[in-house]
Amino acid sequence: MRPHVVAQVAVSLDGMTSGFDVDLARFYALATLWQEDVTLTGADTILAQEDAVRSAPHPGPRPDGPLLAVVDSRARVRSWEGLRQLGYWSDVLALYADQTPARPADSATRELVTGYDRVDLVEALEILGRRGARVVRVDSGGELLRALFDVGLVDELALLVHPVVVGSGRRWSDGHALDLEPAGTEVFEGGVVWLRYCIRPSGLR
Ligand SMILES: NC(=O)c1ccc[n+]([C@@H]2O[C@H](COP(=O)([O-])OP(=O)(O)OC[C@H]3O[C@@H](n4cnc5c(N)ncnc54)[C@H](OP(=O)(O)O)[C@@H]3O)[C@@H](O)[C@H]2O)c1
């Protein structure tokens, strides 16, 4: 069975996902709500954090933590061991496609191969579900999120709206009309607002 997919995104008032200071402590405190089995992210999100991963403490895998699955069709991520040791996740899983470039021969990273030249997100989630994942939380700057919207894979959305206007960039929702059912609103100190929605499957409007 396909897992329940929730995406939490930090956004500016004009819908950008970068170019402003995210309240990371609040973002990750709120993200614990879902107790996800799998954190699903994209290669670009990981590449943007590589320096932080290198300099962070490495207490080792957290046995009861979620699995970190990274969509990386072009095998650009190299910091697998650092990610595994960060103390957030139980393990890491590289999501590759048939045409993903060869990996280092000594790579010990677990892999799941779906799709021809790009990861097949539908199949990857189905397989993760068959392996026991019930809840997947997407952590994306927007590109992976929009690809998941394209194939109707997101069930729940949480926006952590920051009181800032960035002025340029791509909006998290660009190109997508979503039918949303409000599921909760919370206002925090400093004007940060948390908006939660269930996404109705298209066709049920
Ligand atoms: N505001 C927030 O909540 C938030 C959260 C996370 C990250 N960020 C920031 O956002 C930036 C990175 O985000 P991003 O949106 O550029 O990248 P991203 O969310 O990491 O998504 C890019 C990944 O999605 C894959 N992808 C895209 N379309 C696909 C499709 N149709 N099928 C299969 N895979 C597909 C790409 O594949 P390929 O490997 O083939 O290119 C790539 O691996 C960074 O600056 C990061 O700090 C913000």
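Note that the structure is predicted; figures quoted are calculated from it, not measured.

Asks: Looking at this structure, how should I read the layout of surface pockets?
Replies: Rolled over the atoms, a probe with the dimensions of a water molecule shows which regions are left empty. Here the second largest pocket is characterised by a volume of approximately 220 Å³. Considering the residues around the second largest pocket, the lining is formed by 16 residues, among which Gly152, Ile199, Arg200, Pro201 and Ser202 are closest to the centre. Looking at the lining of the second largest pocket residue by residue, the classes come out as eight nonpolar, three polar and five charged.

Asks: I would appreciate a short explanation of the domain arrangement of the protein chain in the present structure.
Replies: Interface size is commonly expressed as the accessible surface area that is lost when the partners come together. Domain assignment breaks the protein chain into domain 1 (1–35 + 138–205) and domain 2 (38–133). Contacts between the two partners involve 13 residues from domain 1 and, on the opposite side, 14 residues from domain 2. Carbon and sulfur atoms supply 70% of the area that domain 1 and domain 2 bury against each other, a total of about 1,000 Å² over both sides. Interface area lost by domain 1 to domain 2 is led by Pro3, Asp139 and Leu144, which between them contribute 42%. Inspection of the region where domain 1 meets domain 2 yields one salt bridge.

Asks: It is not clear to me how the pairing of strand S8 (residues 179–187) should be interpreted in this structure. Could you clarify?
Replies: Two faces, one strand: in a regular strand the side chains alternate between the faces of the sheet. Here S8 pairs with strand S9 (residues 193–200) via eight bridges, running antiparallel. In the sheet register, Val187 faces S9, and the bridge partner there is Val193.

Asks: Help me understand the site of the ligand, please; the structure alone is not making it clear to me.
Replies: Near the ligand there are 24 residues, and of these Ala10, Thr45, Arg74, Ser140 and Glu143 occur at the shortest range. A distance of 2.8 Å separates a nitrogen atom of the ligand from a polar atom in the backbone of Ala10. Separating an oxygen atom of the ligand from a backbone N or O atom of Thr45 is a distance of 2.9 Å. Against a free-state accessible area of 940 Å², the protein chains account for coverage of 82% of the ligand. Elements that contribute at least two residues to the shell around the ligand include exactly strand S1 (4–12), helix H2 (43–48) and helix H6 (143–150).

Each value, and the rule that gives it
- Residues numbered from 1 in each chain as written.
- Predicted model: local features only at pLDDT ≥ 70, side-chain atom pairs only at ≥ 80, totals over all residues.
- Heavy atoms only, no water.
- 1 Å grid on protein atoms, 1.4 Å probe; cavity = no way out; pocket = protein on both sides within 12 Å on 5 of 7 lines; lining within 4 Å.
- Points joined across faces, edges and corners; volume = space filled by probe spheres on them.
- Nonpolar A, V, L, I, M, F, W, Y, C, P; charged D, E, K, R; others polar.
- Domains from an automatic or database assignment.
- Contact = heavy atoms within 4.5 Å.
- Buried area = accessible area lost by both parts, 1.4 Å probe.
- Salt bridge = Lys/Arg side-chain N within 4 Å of Asp/Glu carboxyl O.
- Pairing = 2+ DSSP bridges.
- Helix = DSSP H or I, 4+ residues; strand = E, 2+ residues; numbered from the N terminus.
- Near = heavy atom within 4 Å.
- Polar contact = N/O pair within 3.5 Å; in protein donor to acceptor, adjacent residues only side chain to side chain.
- Areas by Shrake-Rupley, 256 points an atom, 1.4 Å probe, with all protein chains shown as cover.

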